[in-house]
Amino acid sequence: MSSLWCSLWINTLCLLFKFAVSRRELVPTPPLPVLPLPAFSQLKWQQRELIMFLHFGVNTFTDSEWGTGHENPAIFDPVGLDANQWVSAAVDAGISLVILTAKHHDGFCLWPSKYTRHSVASSPWKNGNGDVVQELVDAAKARGIDVGLYLSPWDRHDRRYGRDLPYNEYYLAQLQELLHKYGSVREIWFDGAKGSNAPNMSYYFTDWFAMVKELQASINIFSDAGPDVRWVGDEKGSAGSTCWSTVNRTALSIGNATIVDYLNTGDPKGTDWLPPECDVSIRAGWFWHKSESPKKLSELLEIYYNSVGRNCLLLLNVPPNSNGLISESDVHRLREFRAAIDTIFSTNLAENCFIKASSQRGGKGGGFGPENVLDGDHLWTYWVPRDESEEEHWIEIRGVGEGLTFNVIRIQEAIGLGQRIKRHEIYVDGKCVAKGTTVGYKRLHRLQGGMVEGQVVRIRIRESKGVPLISSIGLHLDPFWHPKGQQLT
Ligand code: FUL
């Protein structure tokens, strides 16, 4: 009898379970992507936002920017070198990747390369037993951040330079050394710069890039033409106010000064995902010079808005000095910079507001509602309007109670499904306060008119490739921004 009851119970439970499963709500699917799309390593790269360049080498000791190649290794003696101090400065500034000039144009190698004597091995530093690359790698590992390397193609020291085959073999051999010996390298920088009277030389980029990818699966290759990250076209840390992550790679070549505008803005019709990196120095020069001091905080913030705020990564150079340390003034400015970014962006005034949109895919509860732009996920949850809608797409934030006072608007697209927005406008209580073209991973509008106050902020997407997908919106207060002498009360 009891076993009969038991099996009856089991059957009933099974039926109830099947019923529950069959009734489980299915959610609408995400829309199709708009190609091209970023690769996984490019997405990871983009989320870093701020990374650090370390220009260090013989120039640090000769007060120059481009070494001649004839420097005596005896001048390289950074007695106080402490890569942990470099990495601490980076970590304190919220930086997760540091890129070192393993070899600059002067050809002097910061690691003991087997293929040249022109390296730390011939210097008095640590009696020729030092290895700056290794010290940086160890310090970065200890603090859990990543390393990238710069290996200058233009080499003013090596006699092979100017002879295609031997020099390309030399360069490839050094790439293999660097990418074999030092663990994971996340970015490699191929600089297109070359003096006007340097010998003619063809670089075997195809071989170099293939070798890099073979040795390091998750690396991003930077150059004027990618293949993973492109130069932004200037060294001021400023992207175009229109900035597409897409370009046609066939239109690009390395070391070609005529394509800088194209690099700066990208191409809405581009078939390759090749986002730009903005390289700029915290000081006037790339290398440390006693006479120089770091840029003002306001200049760094301007650079931040023009790079990170325009869909780019900011590669900020902070050069170690001849003692082998990042100067205290630079460390201090970096800290101020990070503190300012946190002050501005850690509070989002849009949180706790009402949020409404022109339409939403799959209707309410479909998973694509406008509330997704406030959930803290900047990639994979997003607002999707209905795509059959003929109407213009907009999303609106309504302040509760006292209204909203802010001077920065942040918009982010769900770039995992492609960069889409071509033109957008922002209205506060019906008045246009900002207009722009592209958005991409992150677009920051620091309001030229200064602080605005209002109840309703509406972002209108005027033009896009397919439906716009917005992953995050922020309304922020930047206390450092005083356009036309405006003061915060
Ligand atoms: C340029 C080089 O010539 C500079 O010295 C510096 O390394 C900068 C990042 O790239 O092309």
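Below you will find a few notes about this structure. Every chain is numbered independently, its residues counted from 1 as its sequence is written. A pLDDT threshold of at least 70 governs which residues receive local features in this predicted model, and a stricter bar of 80 or more applies before side-chain atom pairs are shown or counted, although totals over entire chains, interfaces and linings include all residues. Hydrogen atoms and water are omitted, and side-chain values are computed over all heavy atoms in the structure.

Examining the pairing of strand S12 (residues 393-398)
At step 1: Accessible area is worked out with a 1.4 Å probe on protein chains only. A residue is then buried under 20% of its type maximum, exposed over 50%, and partly exposed in between. A run of H or I in DSSP counts as a helix once it spans at least four residues, and a run of E counts as a strand once it spans at least two, with each numbered from the N terminus. Along S12, five of the six residues are buried, which leaves the element largely enclosed by surrounding structure.
At step 2: Paired strands, as defined in this entry, are two strands with at least two bridges between them according to DSSP. Where strand S11 (residues 354-357) and S12 come together, four bridges link them in antiparallel fashion. Bridged to Ala357 within S12 is Ile395.
At step 3: Two strands pair when backbone bridges link them, and S12 and strand S19 (residues 456-464) are joined in this way by six bridges, in the antiparallel orientation. Paired with Glu396 across the two strands is Arg458, which belongs to S19.

Thoughts on the sheet that holds strand S6 (residues 229-231)
At step 1: Taken together, the eight strands give a closed barrel; going around it, the order is S1-S2-S3-S4-S5-S6-S9-S10, and neighbouring strands pair in parallel fashion. Put simply, the sheet's adjacent strands are angled 25° from each other on average, direction ignored.
At step 2: Where strand S9 (residues 276-281) and strand S10 (residues 313-317) come together, five bridges link them in parallel fashion. The residue bridging Cys278 from the neighbouring strand is Leu314, located in S10.
At step 3: In this fold helix H5 (residues 132-143) packs onto strand S1 (50-54), strand S2 (97-103) and strand S3 (146-151), with an angle of close to 170° to the strand it touches most, S2. Between N-to-C directions, angles cover 0 to 180 degrees, with each direction set by a line fitted to C-alpha atoms, over the stretch in contact for helices. The contact definition used throughout considers only heavy atoms, calling two residues in contact when any of these lie within 4.5 Å.

Some words on the layout of surface pockets
At step 1: Within this model, the largest pocket holds a volume of roughly 470 Å³.
At step 2: Lining the largest pocket are 25 residues, with Asp191, Gly192, Ala193, Lys194 and Glu235 positioned closest to its centre.
At step 3: Partitioning the lining of the largest pocket into residue classes produces 13 nonpolar, six polar and six charged. Using a 1 Å grid laid over the protein atoms alone, points where a 1.4 Å probe fits but cannot get out form a cavity; open sets with protein on both sides within 12 Å along at least 5 of 7 lines form a pocket; any residue with an atom within 4 Å of a point counts as lining. Grid points are joined across faces, edges and corners, and a volume is the space filled by probe spheres set on the points. When residues are grouped by polarity, Ala, Val, Leu, Ile, Met, Phe, Trp, Tyr, Cys and Pro land in nonpolar, Asp, Glu, Lys and Arg in charged, and all others, Gly among them, in polar.

A word on the packing of aromatic side chains
At step 1: Centres within 6.5 Å are what make two rings of Phe, Tyr or Trp a pair, Trp counting through its six-membered ring; a difference in plane orientation under 30 degrees is then read as stacked, over 60 as edge-to-face, and the rest as tilted. The full count for this structure, using the stated rule, is 29 aromatic pairs.
At step 2: Ring centres of Tyr171 and Phe190 lie 6.2 Å apart, and the angle between their planes is 45°; this geometry places the pair in the tilted category. Of this pair, Tyr171 sits in helix H6 (residues 164-181) while Phe190 sits in the loop between strand S4 (187-189) and helix H7 (205-215), and the two are 19 residues apart along the sequence.
At step 3: Accessibility expressed as a relative area gives 0% for Tyr171, which makes it buried.
At step 4: Ring pairing ties together the aromatic residues Tyr161, Tyr167, Tyr170, Tyr171, Phe190, Tyr203, Phe205, Trp208 and Phe209, which thus form one cluster.
At step 5: Any Lys NZ or Arg CZ found within 6 Å of a ring centre and within 35 degrees of that ring's normal is scored as a charge over the ring. Lying across the ring of Trp481, Arg446 places its NZ or CZ 3.7 Å from the centre.
At step 6: A cation over an aromatic ring shows up here: Arg458 above the ring of Trp394, its NZ or CZ 3.7 Å from the ring centre.

A look at the nonpolar core
At step 1: Core analysis: the biggest nonpolar cluster contains 77 residues, and Trp86, Leu100, Val132, Leu175, Leu316 and Phe337 have the highest contact counts within it.
At step 2: For this core, the element with the highest residue contribution is H6, accounting for seven residues.
At step 3: Ignoring anything within four residues of it in the chain, the contact list for Leu100 reads Leu54, Phe56, Trp86, Leu110, Val132, Val133, Leu136, Gly148, Leu149 and Tyr150.
At step 4: Counting residues in each nonpolar core, the second largest holds 24 residues, with Phe406, Val452, Ile459 and Ile461 among its members. Buried residues of nine kinds, namely Ala, Val, Leu, Ile, Met, Phe, Trp, Tyr and Cys, make up a nonpolar core once their side-chain atoms join them within 4.5 Å.

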